[in-house]
Amino acid sequence: MTKLWGAQRIEDAARALREGELVAFPTETVYGLGGDATNDLAVARIFEAKGRPRFNPLIVHVPDSATARRLAVFDARAERVAGHFWPGPLSLVLPRAPGCPVSLLASAGLDTLALRVPAHPLALALLHATGRPLAAPSANRSGRLSPTSAGDVIAELGGRIAAVLDGGPCTVGIESTVLDLSGAKPNVLRPGGVGREALENLLGGVAAGGTSSAPRSPGMLESHYAPVRPLRLEACEARPGEALLAIGPGPAPEGFREVRWLSRSGDVTEAAANLFAALRALDRPEITGIAVMPIPEHGLGVAINDRLRRAAAPRPS
Ligand code: TXA
Ligand code: MG
């Protein structure tokens, strides 16, 4: 049963989040489906609860710019827009800071991170009380409308998450603008609560959409995110020098140079939580290729297979 909590239950909500549970909370744009962004399994549960067939990267919410600066690398442009629009409906895509503790699954294996400081007193109070960055996509099932009230969230996700913090209706009602500052030219990846003109006033030229020469939005590049080493799917036997990404409950085939378990029990949610870290760990020069055992096509296995197929696709040279 999903609990409906008022503002007086913030400490309970914070405790549930620290324990890896999911709690939806209000922001000024839409309700977010929150989970501890530093907990791989909590982030996997977000994708599971939404029923998303793909791992697209999530927006990570923080209580202030100082916290954001510990997670990502801020240049002068990022400082300027953050100083002007935070707290508010603007998410910044920036390079992950060295040693960034945010789950790789939250950024779908990318080297960048989308960060925002929401302008909602309950969201800020929750972020302070939890003491962790919170990954929070809109709190709807995949492909449905974004929720702007606690009742909407219950209708979408009731029974799938621990609780909803009720902060009344959202004032903005559309999602935050996603501004990519990880490349040379600022690029709006998703229009939203902050207009492009307002950004241009601060930054000069701002591109919109996938017009930049280097496509950065997830899904635009089929092989993205791909390890450097070739990936071989549905592998049942070893080839020389290969490493294996294994999934239980059965034994792993013999003869691989190294074996990494996504989940020994065959739990696809646990496998999703470990996916990107495992791929990165095996993506080393002495490994000739990464072989992956067949992943069951149910639950998050669908999203894992989607990502692996794209990572195994022919690459642009
Ligand atoms: O208003 C909002 O932003 C709401 C509330 C809850 O804060 N959140 C939200 O989150 O809409 P989400 O996770 O559904 O939005 C993710 C968007 C997607 O368009 C995704 O492609 C983009 O942000 N995004 C996230 N991380 C990215 C990254 N590293 N690079 C490029 N795009 C990224
Ligand atoms: Mg959404």
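The structure under discussion appears in the preceding block.
Keep in mind that this is a model prediction, so the values were computed, not measured.

Trainee: I'm lost on the pairing of strand S13 (residues 242-247) in this one. Help?
Mentor: Moving residue by residue along a regular strand, the side chains alternate between the two faces of the sheet. Summarising burial for S13: six of the six residues are buried, a large majority. Both faces of S13 are covered, namely the face carrying Glu242, Leu244 and Ala246 and the face carrying Ala243, Leu245 and Ile247. Summarising the sheet, S13 and strand S15 (residues 289-292) pair through four bridges and their orientation is parallel. From the neighbouring strand, leucine 244 faces S15, where its bridge partner is alanine 291. Across five bridges, S13 lies against strand S14 (residues 258-263) in parallel orientation. For alanine 246, the partnering residue across the bridge sits in S14 and is tryptophan 261.

Trainee: Sorry if this is basic, but what is going on with the pattern of salt bridges here?
Mentor: When the charged atoms of two side chains lie near each other, side chains of opposite charge can form a pair. Counted according to the given criterion, the structure contains 16 salt bridges. For glutamate 28, the salt bridge goes to arginine 116, with nearest N and O atoms at 2.9 Å. Taken as a pair, glutamate 28 in the loop between strand S2 (23-25) and strand S3 (32-36) and arginine 116 in strand S6 (residues 112-116) lie far apart in primary sequence, 88 residues in all. Look at glutamate 28 and you get buried, because its relative accessible area is 5%. Between glutamate 79 and arginine 69 there is a salt bridge; the shortest N-O distance is 2.9 Å. Taken as a pair, glutamate 79 in helix H4 (residues 76-85) and arginine 69 in helix H3 (residues 65-71) lie far apart in primary sequence, 10 residues in all. Looking at glutamate 79, the relative accessible area reads 32%, which means it is partly exposed. Residue arginine 69 is classed as partly exposed on the basis of its relative accessible area of 41%.

Trainee: Explanation requested: the environment of glutamate 258 in the structure shown.
Mentor: You can see glutamate 258 is positioned in strand S14. Placed 32 residues apart in sequence, glutamate 258 and isoleucine 290 show a C-alpha to C-alpha distance of 9.6 Å. With residues up to four places along the chain from it excluded, the contact list for glutamate 258 reads Glu242, Ala243, Leu244, Leu282, Arg284 and Ile287.

Conventions adopted
Residues numbered from 1 in each chain as written. Chains lettered and ligands numbered in written order. Predicted model: local features only at pLDDT ≥ 70, side-chain atom pairs only at ≥ 80, totals over all residues. Heavy atoms only, no water. Buried < 20%, exposed > 50% of the residue type's maximum accessible area, 1.4 Å probe, protein only. Helix = DSSP H or I, 4+ residues; strand = E, 2+ residues; numbered from the N terminus. Pairing = 2+ DSSP bridges. Salt bridge = Lys/Arg side-chain N within 4 Å of Asp/Glu carboxyl O. Contact = heavy atoms within 4.5 Å.

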